[in-house]
Amino acid sequence: ATSFTDSEAFAKIDPEGNVDILAYSGKPFQHWYWGSFAIDVKGGEFPQKFYPILEQHDVTRKVGFSTKPLTDNGQLSIKNVSFLETEESEEFQANSKKGFPYQASIQGRPKILEHVEEGESADVNGHTLKGPGTIWRKWTYMETSICVFGSDTNTRSKALSLTEGGDEIEVEVIRKESSKEGKEETFMDTKDK
């Protein structure tokens, strides 16, 4: 549930070797676990100097690495990749230069979630997410993967029993509370594990 593919995401290399990866368009989309879903690009944390580029989120299938992704226009993109000399990397480069339509997918870890209730809406990345749905308002970027198809069939979910080194990750959840008149009154911050 922490790997995401936007239907508009793509990964390609032109015949001259220029890399163009749109890892996330910033638009809300339907996710199998989160429902109507968006990731607030402005809320991303990028604590490392370099980030893996993998194939299908598989840590044994390394393609290369990049610096912090660009976060312009409410999107997450990569324009510069240092490629490795691996079978997966060489295959991606050769096939992409010939026009194979690769997709891209990102992996992240949520820190603050905003639940948008039925009949409510919220702005994110210049777009409107209509509830019911979830927005990751604060999150940590992990990696980008190149994929043949967007969904990663090897991904398994243990719904928000996320771990880092065996420890549970604390996630803050924001729920909008509305008065009986339909006016938004407060945000309630709760801690979920």
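The structure displayed is predicted, hence computed values, not measured ones.

1. Comments concerning the pattern of salt bridges
Then, number 1: Counted under the stated rule, the structure contains six salt bridges.
Then, number 2: For Lys111, the salt bridge goes to Glu45, with nearest N and O atoms at 2.8 Å. Within this pair, whereas Lys111 is found in strand E11 (residues 103-116), its partner Glu45 is found in strand E6 (residues 44-45), the two being separated by 66 residues in sequence.
Then, number 3: You can call Lys111 partly exposed: its relative accessible area is 35%.
Then, number 4: Residue class for Glu45 comes out partly exposed when judged on its relative accessible area of 31%.
Then, number 5: Because the salt bridges share partners, they merge into one network encompassing Asp40, Glu114 and Arg137.

2. Focus: a negative patch on the surface
Then, number 1: Together, Glu85, Glu87, Glu90 and Glu91 make up a negatively charged patch on the protein surface.
Then, number 2: Within the secondary structure, Glu91 sits in helix H1 (residues 87-97).
Then, number 3: Its relative accessible area of 38% is what places Glu91 among the partly exposed residues.

3. Side note on the confidence of the model for the chain
Then, number 1: Summing up the model confidence of the chain, the mean pLDDT is 83 and the portion of residues at 70 or higher is 77%.
Then, number 2: Highest mean pLDDT in the chain belongs to E6 (98); lowest belongs to strand E18 (residues 184-192) (43).

4. Topic: the packing of aromatic side chains
Then, number 1: The tally for this structure, following the rule as stated, stands at 16 aromatic pairs.
Then, number 2: Taking 4.9 Å as the distance between ring centres and 65° as the angle between the ring planes, the aromatic pair formed by Tyr51 and Tyr141 counts as edge-to-face. Taken together, the positions of Tyr51 in strand E7 (residues 51-55) and Tyr141 in strand E14 (residues 133-147) put the pair 90 residues apart, joining distant regions of the chain. Across the pair, Tyr141 and Tyr51 agree in class, each one buried.
Then, number 3: By way of ring pairs, the aromatic residues Tyr24, Phe29, Trp32, Tyr33, Trp34, Phe37 and Trp136 are connected into one cluster.
Then, number 4: A cation over an aromatic ring shows up here: Lys12 above the ring of Phe10, its NZ or CZ 5.1 Å from the ring centre.

5. A closer look at the sheet that holds strand E3 (residues 19-24)
Then, number 1: Taken in spatial order, the three strands of this open sheet run E2-E3-E9, and their pairing is antiparallel. In the strand order of this sheet, the two ends are held by strand E2 (10-13) and strand E9 (76-78), each with one partner. Looking at each pair of strands side by side, their axes are set apart by 15° on average, direction ignored.
Then, number 2: Examined bridge by bridge, E3 and E9 share three bridges and lie antiparallel to one another. For Leu22, the partnering residue across the bridge sits in E9 and is Ser77.

What counts, and at which threshold
Residues numbered from 1 in each chain as written. Predicted model: local features only at pLDDT ≥ 70, side-chain atom pairs only at ≥ 80, totals over all residues. Heavy atoms only, no water. Salt bridge = Lys/Arg side-chain N within 4 Å of Asp/Glu carboxyl O. Helix = DSSP H or I, 4+ residues; strand = E, 2+ residues; numbered from the N terminus. Buried < 20%, exposed > 50% of the residue type's maximum accessible area, 1.4 Å probe, protein only. Patch = residues over 30% accessible without salt bridge, like charges linked within 9 Å, V, L, I, M, F, W, Y side chains within 5 Å. Areas by Shrake-Rupley, 256 points an atom, 1.4 Å probe, with all protein chains shown as cover. Lys, Arg positive; Asp, Glu negative; His and termini not counted. Charge placed at Lys NZ, Arg CZ, Asp CG, Glu CD. pLDDT = per-residue confidence, 0-100. Phe/Tyr/Trp six-rings, centres within 6.5 Å; stacked < 30°, edge-to-face > 60°. Lys NZ or Arg CZ within 6 Å of the ring centre and 35° of its normal. Pairing = 2+ DSSP bridges. Axes fitted to C-alpha atoms, helices over the stretch in contact; angles between N-to-C directions.

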